[in-house]
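# Coordinate analysis (summary)
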Amino acid sequence: MDTVVISISQRGRGSKLIHSMVAHLDAVTSLAVDPNGIYLMSGSHDCSVRLWNLDSKTCVQEITAHRKKSEEAIYDVAFHPSKAYIASAGADALARVYV
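Residues numbered from 1 in each chain as written. Predicted model: local features only at pLDDT ≥ 70, side-chain atom pairs only at ≥ 80, totals over all residues. Heavy atoms only, no water.

Looking up the chain in an unreviewed UniProt entry gives the name Striatin, with the organism given as Mugilogobius chulae.

As structure tokens, then:
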């Protein structure tokens, strides 16, 4: 299985790539940035949710909590706007909240 890369680019006219991170072993299905702009969260069909520090561009936590169903796993990830909660929704018919 190939490794999937998440690329970060500057926004606006003439956008340019500023960093790529080796991310997941299957398709990345969702991305979310926390309200403070410190962390990026990614979800994938490899059944993992990964939390990335945007300053250091490193994975600081990996959560594997969903099961694969019909070659799919995680559909969406989200940060709570004001509390230290993250959430994921998967093909296994589960919505999970993490503290």
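### Focus on the layout of surface pockets
Vacant regions in the atomic arrangement are exposed by a probe of water-molecule size rolled over the atoms. Worth spelling out the cut-off: Space inside and on the surface of the protein is sampled on a 1 Å grid over the protein atoms alone, with a cavity defined as a set of points where a 1.4 Å probe fits but cannot get out and a pocket as an open set with protein on both sides within 12 Å along at least 5 of 7 lines; lining residues have an atom within 4 Å of a point. Grid points are joined across faces, edges and corners, and a volume is the space filled by probe spheres set on the points.
The calculated volume of the largest pocket comes to roughly 260 Å³. F79, K83, A84, Y85 and I86 are the residues nearest the centre of the largest pocket, which is lined by 15 residues in total.

### Thoughts on the environment of V99
Note the cut-off: The helix count covers DSSP runs of H or I at least four residues long, the strand count covers runs of E at least two residues long, and both are numbered beginning at the N terminus.
Relative to the helices and strands, V99 resides in the segment after strand 9 (95-98). Placed 13 residues apart in sequence, V99 and I86 show a C-alpha to C-alpha distance of 6.7 Å.

### Notes on the sheet that holds strand 8 (residues 86-90)
Worth spelling out the cut-off: What makes two strands pair is DSSP finding at least two bridges between them. Simply put, an axis is a line fit to the C-alpha atoms, just over the touching stretch for a helix, and the angle between two N-to-C directions goes from 0 to 180 degrees.
Spatial strand order, 7-8-9: three strands in an open sheet with antiparallel pairing. On the outer flanks of this sheet lie strand 7 (74-79) and strand 9, each paired with one strand and no other. Mean inter-strand twist for the sheet, computed between neighbouring axes without regard to direction, equals 15 degrees. Pairing of strand 7 with strand 8, which is carried by five bridges, proceeds in the antiparallel orientation. Across the sheet, the residue bridging to D76 is A89, located in strand 8.

### A look at unusual backbone geometry
Note on backbone geometry: most residues besides glycine have negative phi, and most peptide bonds are trans. So the rule is basically this: The buried label applies to any residue whose accessible area, calculated with a 1.4 Å probe on protein chains only, is under 20% of its type's maximum; exposed applies above 50%, and partly exposed to all values in between.
Positive phi values are uncommon outside glycine, yet K57 reaches one of about 60 degrees. Of note, A93 is a non-glycine position whose phi angle comes to about 70 degrees, a positive value. Position of A93 relative to the elements: it lies in the loop between strand 8 and strand 9. Take A93: its relative accessible area is 70%, and that puts it in the exposed class.

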